[in-house]
Amino acid sequence: MSYEPRLAAALSGATLRQLSHWRKATASRGPVLVPELSAARPILYSFRDVVALRICVRLRQEASLQKIRRALDTLRDGLDEQKHLSSYQLVAGDDTIYFVAPDHAVDLVRRRGNVVIHEMVDVLQPFYRNGRQIPNLLHPRNHLAVDPLIRGGEPVIEGTRIPASEVAALLKDGIPPESIKDFYPGVTPQAARDAADFTAYVDSYSDEGPRQAAS
């Protein structure tokens, strides 16, 4: 399963403009995140990329993009940490960004080691950004699930392999939620409504205005 930018944005909380901006390096700093599946059109993100994007969105709520780029450069070049960004626990606080390891933490902006971190964040849990709730990554709606082992991470009706987008398409064609079971016996009316609601949420990322911030 690969995630096109609109779905990656909806699941991570980033805007489409941010995704575009974060793929590019600056004159002095590297990119925030380059999609590991395809960085050229069609641009395709992996599940790990979506997790990493959620990390970046959470950091961006408390730190400037310049600090994030500096921290990531320190992580990759200064500490020689070359694993995928989703593998790391990064926390913003005290005007800096910390890399949290099992036995210590490092200040990536001021380059100090053995820092004590008091608050950890589960990047998979829902959070708010600009007044909009970004859903739980593994359960974007009560009756939906995202599991990399099921259809490669495509959002599906929980407990099935039925894509949420296919159920939502039936409702959009005029099929009542109560009749979805005629097409997919395992799908309840509420699960069908959740599929339609989540699909509408994803589609809302196509309507980003030209002035939306890219940082």
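See above for the structure.
Residue indices follow the written sequence of each chain, beginning from 1 at its first position. Reporting of local features is limited, given that this is a predicted model, to residues whose pLDDT is at least 70; pairs of side-chain atoms are given and counted only at 80 or more, and all residues count toward the totals for whole chains, interfaces and linings. Hydrogens are left out, water is left out, and the side-chain values use all remaining heavy atoms of the structure.

**Q** Please explain the overall build of the chain as it appears in this structure.
**A** Looking only at helices and strands, the chain features 6 helices and 7 strands. A run of DSSP states H or I qualifies as a helix once it reaches four residues; a run of E qualifies as a strand once it reaches two. Both are numbered from the N-terminal end. In the chain, the succession of α and β elements from N to C terminus is α-α-α-α-β-β-β-β-β-β-β-α-α. Rg of the C-alpha trace for the chain: 19 Å, near the compact-globule value of 17 Å for 215 residues, within the 12% margin. Expressed as lengths along the three principal axes of its C-alpha atoms, the size of the chain is roughly 60 × 40 × 30 Å. Exposure categories follow from relative accessible area, calculated using a 1.4 Å probe and restricted to protein chains: below 20% of the type maximum is buried, above 50% is exposed, and the middle band is partly exposed. Here the chain holds 215 residues, and the buried ones make up 45% of them. Taking as baseline every contact in the chain between residues at least 6 positions apart, the subset at least 24 positions apart corresponds to 56%. For the chain, the accessible area works out to roughly 11,100 Å², and carbon and sulfur atoms hold 49% of it. Positive: Lys, Arg. Negative: Asp, Glu. His and the chain ends are not part of the count. A charged residue contributes its charge at one atom only: NZ of Lys, CZ of Arg, CG of Asp or CD of Glu. When the 27 positive and 26 negative side-chain charges of the chain are each reduced to one mean point, those points stand 7 Å apart. Values of the radius of gyration come from C-alpha atoms, whereas the globule rule sets the reference at 2.2 Å times the count of residues to the power 0.38. It only takes one pair of heavy atoms within 4.5 Å for two residues to be counted as in contact. Only the protein chains shown count as covering a residue, and every accessible area follows the Shrake-Rupley method with a 1.4 Å probe.

**Q** How should I be thinking about the environment of R54 in this particular structure?
**A** When you line up the elements, R54 lands in helix α3 (residues 47-60). Residues R54 and V123, 69 residues apart in the sequence, show an inter-C-alpha distance of 6.3 Å. Apart from the residues within four sequence positions on either side, R54 is in contact with L11, S12, V123, L124, Q125, P126, F127, I134, P135, N136 and L137.

**Q** How should the pattern of salt bridges be read in this particular structure?
**A** Side chains that differ in charge, positive against negative, can pair when their charged atoms come close. A side-chain nitrogen of Lys or Arg and a carboxyl oxygen of Asp or Glu constitute a salt bridge if their distance falls within 4 Å. Tallied over the entire structure, the rule returns 9 salt bridges. Residues R48 and E36 are paired through a salt bridge, measuring 2.7 Å at the closest nitrogen-oxygen approach. Taken together, the residues R48 in helix α3 and E36 in the loop between α2 (16-22) and α3 connect sequence positions 12 residues apart. Among the ionic pairs, E178 bridges to R193, the shortest N-O distance being 2.8 Å. On the criterion of sequence distance, the pair formed by E178 in the loop between α5 (164-172) and α6 (189-203) and R193 in helix α6 is long-range, its members being 15 residues apart. Given a relative accessible area of 40%, E178 falls into the partly exposed group. Within the structure, one salt-bridge network assembled from shared partners comprises E4, R6 and D203.

**Q** Looking at this structure, how should I read the pairing of strand β1 (residues 89-93)?
**A** Regular strands place side chains that alternate from one sheet face to the opposite one. Counted residue by residue, β1 has 4 buried out of 5 residues, so it is predominantly covered. Note: β1 against strand β2 (residues 96-100), 5 bridges, orientation antiparallel. When the sheet's bridge partners are listed, L90 is paired in β2 with F99. One bridge is not enough; two strands pair if DSSP finds at least two bridges between them. Between β1 and β2, which follow one another and run antiparallel, lie 2 residues, and D94 among them has a positive phi close to 55 degrees.

**Q** What should I look at first to understand helix α4 (residues 65-78) in this one?
**A** Owing to its 3.6 residues per turn, the α-helix aligns residues three or four sequence positions apart on the same side. A rise of 1.5 Å per residue sets the reference length of α4, with its 14 residues, at 20 Å; its end C-alpha atoms lie 19 Å apart and thus fit the reference within 8%. Listed as buried for α4 are L65, K67, I68, R69, A71, L72, D73, T74 and L75. Those residues of α4 hidden inside the fold are in contact with α2, α3, β1 and β2. Where α4 ends, the next residue or the one after it, D80, has phi of about 55 degrees, a positive value. Expected span of a helix, by definition, is 1.5 Å for each gap between consecutive residues, and there is one gap fewer than residues.

**Q** Would you mind showing me how to read the packing of α5 against α6 here?
**A** Angle between the axes and distance between the axes are the two parameters that describe a pair of packed helices. In this analysis, axes come from line fits to C-alpha atoms, helices being fitted only over the stretch in contact, and the angle between any two N-to-C directions falls in the range 0 to 180 degrees. Packing of α5 against α6 leaves a shortest axis separation of 8 Å and a crossing angle of 95 degrees. The angle between α5 and α6 places the two elements in the roughly perpendicular class. Residue-level inspection shows A164, S165, V167, A168 and L171 of α5 in contact with α6, the latter providing A192, R193, A195, A196 and T199. In terms of residue class, the contact of α5 with α6 is made up of 7 nonpolar, 2 polar and 1 charged. Note on terminology: angles under 35 degrees are roughly parallel, angles over 145 are roughly antiparallel, angles of 65 to 115 are roughly perpendicular, and the others are oblique. Just so you know the grouping, Ala, Val, Leu, Ile, Met, Phe, Trp, Tyr, Cys and Pro go in nonpolar, Asp, Glu, Lys and Arg go in charged, and all remaining residues, Gly too, go in polar.

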